[in-house]
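Notes for the structure review
Here is what each chain is made of, one letter per residue.
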Amino acid sequence: MTKLMLITGGSRGIGAATARLAAARGYDVAISYAVNQEAADAVVAGIHALGRKALAIEADMGKPEDIARLFKAVDAGFGRLDAFFNNAGIVGKAARFVDIPLAQLQRVLAVNTAGAFIAAQEATRRMSTRLGGKGGVIVNMSSIAAKMGGANEATDYGLSKGGIDSLTIGLAKELAGEGIRVNAVRPGLIHTEIHASMGVPDRIERFKTLVPMQRGGTPEEVAEAVLWLCSDQASYCTGVLLEVTGGRGI
Ligand code: NAP
């Protein structure tokens, strides 16, 4: 039976690259997106072209009712869940700590942290051997900002990803006996549109000299790490926070 991977935020950036690589490695793939249906449909078409099943579902990770609806749609569409990439995330506008508006802080935490927590609960309900599931893998999307703090531009985001690291460690311990491995990736500066949404489209160009490898990474390089963590080759790995940063943050 073909395995199913669910990827939140699979319409663009790292999620889209992971969706394409997962299909190439033999998974059927469900993706969620927030607003960009055209991009989501293009990812689905690419997966179909590889001969795999795919489904795109609109769901705002900041809304618990949308998360519940997303997982129900996956149940209806595929009837299984083997790997969950808890990827969707946002950044607010870049600002110094004291200038970050409360509404921005609340939204970043609602999507990146509470949304990921609730989605991991839904995945666990379906995968846990204690609850009648067949086991599975969760990969959470952290960031090197969890370690570096997001100083001077995104402390709200750094906080939200620090929570993801704690969640990953807690779930790795709690779910190890229920057939679920839980790991995270911590990317550094990756070439996606997220930097423009912070209001800093040239962010990688500005900061790449701080990266030991002197360049930003590609979404595909992060996707490779995610697929490895999901694979049987990583069968003894749980609670790992895998940095994909070209050396930034070490
Ligand atoms: P991106 O190119 O901006 O793509 C974001 C994806 O998330 C899109 O599919 C988007 O859907 C979806 N999304 C946005 N808001 C959402 C919401 N409220 N609910 C559900 N989905 C939502 O970003 P990316 O760089 O690939 O980032 C993906 C993840 O990697 C994020 O968690 C980010 O924090 C993390 N990360 C990125 C970097 C980096 O340098 N790029 C580094 C470290 C960590 P639409 O297409 O519908 O908008």
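Our subject in this report is the structure included herewith.

Rules used in this analysis
Residues numbered from 1 in each chain as written. Predicted model: local features only at pLDDT ≥ 70, side-chain atom pairs only at ≥ 80, totals over all residues. Heavy atoms only, no water. Near = heavy atom within 4 Å. Polar contact = N/O pair within 3.5 Å; in protein donor to acceptor, adjacent residues only side chain to side chain. Areas by Shrake-Rupley, 256 points an atom, 1.4 Å probe, with all protein chains shown as cover. Helix = DSSP H or I, 4+ residues; strand = E, 2+ residues; numbered from the N terminus. Expected span 1.5 Å × (residues − 1). Buried < 20%, exposed > 50% of the residue type's maximum accessible area, 1.4 Å probe, protein only. Arc of directions from axis to C-beta. Contact = heavy atoms within 4.5 Å.

Thoughts on the site of the ligand
In the vicinity of the ligand there are 32 residues, among which Ser11, Arg12, Val35, Tyr157 and Thr192 approach most closely. Separating an oxygen atom of the ligand from a backbone N or O atom of Gly89 is a distance of 3.4 Å. At a separation of 3.4 Å, a nitrogen atom of the ligand approaches a polar side-chain atom of Arg107. Here the ligand, which alone exposes 900 Å², has 96% of that area covered by the protein. Mapped by element, the contributors of at least two residues to the shell around the ligand are α1 (13-24), α4 (102-127), α6 (155-175) and α7 (194-197).

Notes on helix α2 (residues 37-49)
Helix length check: α2, at 13 residues, gives a terminal C-alpha distance of 18 Å against a target of 18 Å (1.5 Å per residue), a fit within 8%. Of the positions making up α2, those classed as buried are Ala39, Ala40, Val43, Val44 and Ile47. The arc that holds the buried residues of α2, viewed along the axis, is 140°, so those residues lie on one side. Of the exposed residues in α2, those oriented more than 90 degrees away from the buried face are Glu38 and Ala49. Of the surrounding secondary structure, the elements contacted by the buried residues of α2 are α1, β2 (28-33) and β3 (54-58). Once α2 finishes, Gly51 follows within two positions and takes phi at roughly 85°, a positive value.

Coordinates in, geometry out; function isn't part of it.
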